[in-house]
Structures are given as structure tokens and as C-alpha cells.
Amino acid sequence: MSIVKELIKSGATSKDIITKTKSYCPLLWSHFHVSASGDVLPCCIGQWELPIGNINNQSFDEIWYGNDFKKLRRALVNDKKVPQCKTCYRKEDSSGFSLRHDAITKFHDGSKNMVLHTQEDGTSEDAKPIYLDIRFSNICNMSCRMCGHFSSSKWFSDAKELSEEHGIHDYTAGGDQPNQEAIIHGVEDSKQLLERLDEYLPYVQEIYFAGGEPLFMEEHYTLLNRMIELGLTDTHIRYSTNLSIMKYKRTRVVDVWKNFKNVYCAGSIDTYGARAENIRKETKWDVIEANMAMLRKEVPHVRIGIAPTIQIMNAYTVCELQQNWVEKGYIDKNNIFWNILQMPQYYNLQIMPFHMKEEVKQIWLDHIDWLGQTDGGPVHDTIKTTIAWMMDGGENEELLTELCKHSEKLDELRGEDTRSTFPELNYIWRKYWNDNTIYST
């Protein structure tokens, strides 16, 4: 019998499962993720070059019950590592924590019978997608610097100007030929897919909406209205949203949320003011703050958190934002989660000069103290994990030069001045920006 099945039969807790496994993840039995390109992956951080299938070329059943899913389930039920999940393995090696661990905590109990009844060839007739994460398209109203056309329709014009063959600004979005339109439909026939998934909706425990910008997508409202029709308003609805849009056509999102008892809205807000407007182009900071105040007033039952993408550009100032919003009552100090940016590599924290890492590390440790977080708490762990990740690497001259080149290109296209907006990064600008212009701090 596999080690995972033995653990399940022994009544092992989720914590025991995390401690005693190196690869098992319940998401392969309980999670259905479709990327903005239509590729089905084990989860949102699965290796994009190793899809399990593509929802625009295959049906849900062909993918969910197909050979690729079987192979992965067979490997993971025997706790064998697979290349599709190497991001989690790397994070565990560098920091001791990963999305795999989080998934075990949240979804193992709901998945263990599916796992237990998995056959030797990986067949699992009991497997049900109780956790949905479908990126219906790349529709977005922003063009964040660390993003690209693959996840934002707003990136299209800049991507064409940059015209990279293979890179974060590649407007082919992973295909062989350039996309001729800004909008990429991850799910070309969303009606057909949603009708097929209708069978599983009563079993769904969580739906995660991300983008693009989910509050800008019609399919998001279609799915939630169907959940309301079925009386499934206890389902956990979770978001990653830029919090800039509170209305789609004639529908206010707060009026939809009033029907659901368990809504968590994680604002993908990285920093504040002019810095926020630079990192996430089209941000209007006063609108973001007004929306936060409105949400607290109109839907107080909705948990509002913050999930910044931690990278070089916001490393010094992300804590200032969080402290300010906690003090204003916009967010609870326990509703904070940091997403560690890995790509593009030239924004990755690991390439920063050591003395800057030490400065940032101290800011973050002071932030933990300010929040009053203790060892083992989720906020404490997410920050400590990010520190461990950041320190696992050294100053990379090539990538820091690339950071400056891309910043310069985007500044020209967008009429911005990144160096003056981020004076805390002056060491990088002085050393690696090609014209050696001196920007005072």
C-alpha cells in the first residue's frame, strides 16, 4: 500500500501528512484549474510548459479522467515527485513552506476518500473538482509591470511595441504565432464548460476567481448567479482582485456578495500612491482607497485581505501600506498573505544586492513585531517564508541590468519615471541603469 494511503488509514492529521510526505498533494483529486491560455494545470503555479490538457481542444471528461491526470495521481499517491510540481518542491527546500502544504491543510480532509480509492493505474472514479479555479480570459483593466499579455488584455499594445519572441512581454502568449487581438479566451466555450461542471457544483467547497481581473469578467457573474439559483450560498468564494472595479455593466459586485456567507477578497495591492500607480498601470490610488472604505461599509461580512506580489519594486514599502490599512480598519492584521514573485526573474527578490536584502529583512521583521504575530501564525509564516526565499540567492548583475532595461522601455512607452518614483532602489539605478543618471534619495 502507498505511504499516503497508509497515513490516511492510520488517521493521520493534515499536519502529519505535511511532515511525512514530500510530494503528495490533494489538489490532483479535488482541484480543476484552467489557465488564461486554456491549459489545465495541477494548480495555478504548476509548470505551464507541462499542461495536463487544454480545455479548448479537449472536453472536461477527457482531461479529468484522462491518462495524464492518472499518471500524476498514481505518482502522488505513492509520494513520488513530478516535474509539474517543482515550484512547490523548490519553495519547500528554500523556506520549508509551499502551496502544497497549504492545500493539504485546506483540502486533504475533503479529498482523502478520493485518494484512498485510487486504483493502481491512477484511476479515481470518486475524484470530484471541489475546488475550482478557472481563468476564463485575460481581460483586465490594468497592465502591471510584472505581468504580460498572457494575463492582461491591457498589455497588448505595449507587448506589440516590445515585440519579444520569448519572454514576459511576448504577445504570442505562449503560442507559435502572435495574437492579433488583445483578449485571449482561456475558455472559448465557457457556456459548455459551465454546463458540464453544473453536476459538481453541489460538491464544490471553494471557487477561486483571479485574472486578468475577475470582477471585469461576465463568466464570473454567470457562475455566481448559478450558485445563487442552486442555493449554494455557503460555498467559499475567494478572489484575487485589484479592487479597482466594483460594477460590471449594471451589476454591482457588492449586491452579488450579499447573497454569499463566506467571501474572502484578497486585494492584489503591492504598495501605495505613485508607486502603486507605476507597478500596476491604470491604478488610481484614490479610487482604490474609496472602494476599500465602501466595502467595509456595505458588505462588512466580506473578509477583505491583502495579497501583494512581493518583488524588488515593493520590497521596501509593502509594510507601510499594510500598517496604514490596518490602522484605517480596511483589513484585519490576520488577513495578509504574501505571494512570492518568481518570474520575470529580473523582479525576483533573490537577485537583490545583499545589503539591500538585509535592510528589507529588518523592515519585515519589524513589521511582524508591529502586527504582534507569533511563531506558527499564517501571517508570521508567509513573511518568514518570503525572507527565506529572498536570502536564497545572490546579486545578479545580468538580471539587475535587465530590470533597468525593461523599466526604461516601459517608462518610454508609458510616460513614467521609475527611478524617481522608487528612490529607495537608487543603488540599483545608479549601478545598473545604462545612462548613469544620478537620482537623489
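Described in the following lines is the structure provided in the data block. (Residues numbered from 1 in each chain as written. Predicted model: local features only at pLDDT ≥ 70, side-chain atom pairs only at ≥ 80, totals over all residues. Heavy atoms only, no water.)

1. Concerning helix H15 (residues 354–371)
For H15, with 18 residues, the first-to-last C-alpha span of 26 Å sits near the 26 Å given by 1.5 Å per residue. Taken residue by residue, H15 has Met356, Lys357, Val360, Trp364, His367, Ile368 and Leu371 as its buried positions. Along the axis of H15, the buried residues cluster in a sector spanning 115 degrees; they form a single face. Exposed side chains of H15 directed beyond 90 degrees from the buried face belong to Phe354 and Asp369. The inward-facing, buried residues of H15 abut strand E13 (309–310), helix H14 (318–328), helix H16 (378–391) and helix H19 (426–432). The first or second residue beyond H15 is glycine 372, which carries a positive phi of 70 degrees. (Helix = DSSP H or I, 4+ residues; strand = E, 2+ residues; numbered from the N terminus. Expected span 1.5 Å × (residues − 1). Buried < 20%, exposed > 50% of the residue type's maximum accessible area, 1.4 Å probe, protein only. Arc of directions from axis to C-beta. Contact = heavy atoms within 4.5 Å.)

2. A word on the packing of aromatic side chains
Applying the stated criterion across every chain, the model contains 15 aromatic pairs. A ring pair is formed by phenylalanine 209 and tyrosine 239, whose centres lie 5.4 Å apart and whose planes are at 25 degrees; its orientation type is stacked. Of this pair, phenylalanine 209 sits in strand E6 (residues 206–209) while tyrosine 239 sits in strand E7 (residues 236–241); the two residues are 30 residues apart in sequence, bridging distant segments of the chain. Using a relative accessible area of 3% as the deciding quantity, one classes phenylalanine 209 as buried. Of the residues examined, tyrosine 239 reaches a relative accessible area of 0% and is grouped as buried. Note on tyrosine 346 and tyrosine 347: the rings are 5.1 Å apart at their centroids and 50 degrees apart in plane angle, and the pair reads as tilted. A residue is classified by how much of its surface remains accessible, and tyrosine 346, at 7% relative accessible area, is buried. (Phe/Tyr/Trp six-rings, centres within 6.5 Å; stacked < 30°, edge-to-face > 60°.)

3. Overview of the pattern of salt bridges
Under the criterion given, the structure shown has 24 salt bridges. Between arginine 196 and glutamate 199 there is a salt bridge whose closest N-O contact spans 2.7 Å. Judged by its relative accessible area of 23%, arginine 196 is partly exposed. Residue classification places glutamate 199 among the partly exposed residues on the basis of a relative accessible area of 47%. For lysine 328, the salt bridge identified is with glutamate 289, shortest N-O distance 3.1 Å. (Salt bridge = Lys/Arg side-chain N within 4 Å of Asp/Glu carboxyl O.)

4. Some points on the pairing of strand E10 (residues 263–267)
Both faces of the sheet carry side chains from a regular strand, because those side chains alternate between them. Counting buried residues along E10, five of its five residues qualify, which places the element largely inside the surrounding structure. By the alternation rule, side chains of E10 split into Val263, Cys265 and Gly267 and Tyr264 and Ala266, which are all buried. Where E7 and E10 come together, five bridges link them in parallel fashion. Across the sheet, residue arginine 238 finds its bridge partner in E10, namely tyrosine 264. (Pairing = 2+ DSSP bridges.)

5. With respect to the sheet that holds strand E2 (residues 39–41)
Taking strand neighbours across the sheet as the criterion, the eight strands line up as E3-E2-E1-E4-E6-E7-E10-E12 in an open arrangement whose pairing is mixed. Each edge of the sheet is formed by a strand with only one pairing partner; in this case those strands are strand E3 (53–54) and strand E12 (303–306). Pairing analysis gives two bridges linking strand E4 (residues 131–134) to E6, with the strands arranged parallel. Bridging from a neighbouring strand, leucine 132 pairs with isoleucine 207 of E6.

6. Some details on the packing of helix H6 (residues 86–95) against H16
One way to put it is that H6 packs onto H16 with a least axis distance of 8 Å and a crossing angle of 90 degrees. With respect to H16, the axis of H6 lies roughly perpendicular. On the side of H6, the interface is formed by Arg90, Lys91, Ser94 and Ser95, while H16 contributes Thr385, Ala388 and Trp389. Residue composition of the contact of H6 with H16, by class: two nonpolar, three polar and two charged. (Axes fitted to C-alpha atoms, helices over the stretch in contact; angles between N-to-C directions. Parallel < 35°, antiparallel > 145°, perpendicular 65-115°, else oblique. Nonpolar A, V, L, I, M, F, W, Y, C, P; charged D, E, K, R; others polar.)

7. Here we look at the packing of H14 against H15
Across the interface, H14 lies against H15 with an axial gap of 10 Å and an inter-helix angle of 15 degrees. One element, H14, and the other, H15, form an angle in the roughly parallel class. Pair H14 / H15 crosses with left-handed handedness. Note on element contacts: H15 touches H14 through Ile363, Trp364, His367 and Trp370, opposite Val318, Cys319, Gln322, Gln323, Val326 and Glu327. (Left-handed = near helix turned anticlockwise from the far one by under 90°.)

8. Overview of H14
All of the buried residues in H14 are Val318, Cys319, Leu321, Gln322 and Trp325. One side of H14 holds all its buried residues, which, seen down the axis, span an arc of 155 degrees. The first or second residue beyond H14 is glycine 329, which carries a positive phi of 80 degrees.

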